[in-house]
Each structure stands twice: as C-alpha cells, then as structure tokens.
Amino acid sequence: MPASYQLSSSAYAKIIHHCAKFSVHDVCGVLLGTKVGDKLVVTAALPLFHSQPLTPMLEVAMQQVEAFSVLNSLQIVGYYTAAQRFDDKNINATATIVANTIEQNLGGGALLLLVDASKLQEKSALAVLPHMYSSSSWTALPSERLELTAPLDIESIVSDRSYESLNDFESHLNNISFDWLSTSSLHEHTKVM
C-alpha cells in the first residue's frame, strides 16, 4: 500500500477537461503512472466513456489502454469517475468493478478518484475525492495523502473552452479519426496557478 499518492497536473487537467466537455453525462477513465518506492505517481489520464460503458466496449478500451501503457513504460494505476448529477458522490457499480480489477492487477495500491462536481466551481479546491482499497471496499483516502504536482486554474479550463478538443474512447468509436490516446495536447493550454 503506497504511503502517498501524487497526481500530475496534466492528468488532473485531463480529468477536468473530460468532465467539462461532457458535463451532463457520467464520465470515466483510467489513470496511468508508476509506483516509485512507497509512492504511487499518476502521470496521465486517459478518458474512456461519457455514458455507462457496455462490457464489450470496456474490454476493448482496456486492451488498448494496456497496450498503450506498455509502449510508454507505464502501468494502469487507477480509475476516475464522475456522475452526471452534481450532488452524486457515490461510486457506481461499474467503477467499483473496474477499480477492483485494476487493484488486483496492480497487486495493491490502486487509486480511485471520484470527481466532486461541487468543488469544480472553487478556484483552488481539489475537485476529486481520492479512494483506496481497504478491507474489501473503496474507502476515502485522507486528503493529505494525495499531492497535486501543481495547482490548476480550473476556471480557465472552462472559460477558454480548451476541453472541446478532448476525445474519449467512446468518441473514437463514433469517429476513428479522433485521437483519444493523446496525453499532451490539452494540458499545454491549461494555466497553472
């Protein structure tokens, strides 16, 4: 079990972009990174769906994520999810199943991030609720154990509409020319506070 978790500003920005683009939908994606000593470092987020995924499409997406992570010397280290309802802070069944599989494949220490939409309007607040697997369920992680590499100006993500260029795996299924595996294009436009 990692003693601490680090979330890169680029991975965090990608999660916020995904939520902003599909703000009236459930969204989900995977977290890529590495275990460094007693720290789990999340360096990238890959957006998967903006609806509840069907099992066959989720399996195809995860196979592609696995291949991508191997090519980039990364591991699948976690999962993120956001509910379509502003006040919903519950981890849905799909997120639990996928996160449990990631936890098992990683050998422990996976991170599950639940986007807290109510904090998206607070300029300096971290808008994710971190969870770790403990005693056969996902439990809230003390906030001091999750470090953001650099604070982001969430307001700028929404106001400059840079999220419009984001594509998730579901969008890619509708138009295969959409690059959903890009890990750099969006965070270059995101202002760090």
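Asker: Just checking my understanding: could you explain the overall build of the protein chain for this structure?
Answerer: Within the protein chain one finds 5 helices and 8 strands. When the helices and strands of the protein chain are placed in sequence order, the string is β-α-β-β-α-β-α-β-β-β-β-α-α. In terms of C-alpha radius of gyration, the protein chain reaches 15 Å, essentially the compact-globule figure of 16 Å for 193 residues. With the C-alpha coordinates aligned to their principal axes, the bounding extent of the protein chain is approximately 40 × 35 × 30 Å. By the burial criterion, 50% of the 193 residues in the protein chain qualify as buried. Here the analysis covers contacts within the protein chain between residues at least 6 apart in sequence; of these, 71% occur between residues at least 24 apart. Roughly 9100 Å² of accessible area belongs to the protein chain as shown, and the carbon and sulfur atoms make up 52% of that amount.

Asker: What am I meant to see in the pattern of salt bridges here?
Answerer: Opposite charge on two side chains lets them pair, provided their charged atoms get close. Counted under the stated rule, the structure contains 2 salt bridges. Measuring nitrogen to oxygen at the nearest pair gives 3.5 Å for the salt bridge that ties glutamate 147 to lysine 39. Taken together, the residues glutamate 147 in strand β8 (residues 146-148) and lysine 39 in strand β3 (residues 39-49) connect sequence positions 108 residues apart. Glutamate 147 gets classed as partly exposed once you look at its relative accessible area, which sits at 36%. The salt bridge involving aspartate 116 is made with lysine 89; its shortest N-O contact spans 3.5 Å. With aspartate 116 in the loop between β5 (111-115) and β6 (128-134) and lysine 89 in the loop between β4 (75-82) and α3 (93-106), this pair connects stretches of sequence that are 27 residues apart. Here aspartate 116 falls in the buried class, since its relative accessible area comes to 4%. Lysine 89 sits in the partly exposed class, given a relative accessible area of 38%.

Thresholds applied
- Residues numbered from 1 in each chain as written.
- Predicted model: local features only at pLDDT ≥ 70, side-chain atom pairs only at ≥ 80, totals over all residues.
- Heavy atoms only, no water.
- Helix = DSSP H or I, 4+ residues; strand = E, 2+ residues; numbered from the N terminus.
- Rg over C-alpha atoms; globule rule 2.2 N^0.38 Å.
- Buried < 20%, exposed > 50% of the residue type's maximum accessible area, 1.4 Å probe, protein only.
- Contact = heavy atoms within 4.5 Å.
- Areas by Shrake-Rupley, 256 points an atom, 1.4 Å probe, with all protein chains shown as cover.
- Salt bridge = Lys/Arg side-chain N within 4 Å of Asp/Glu carboxyl O.

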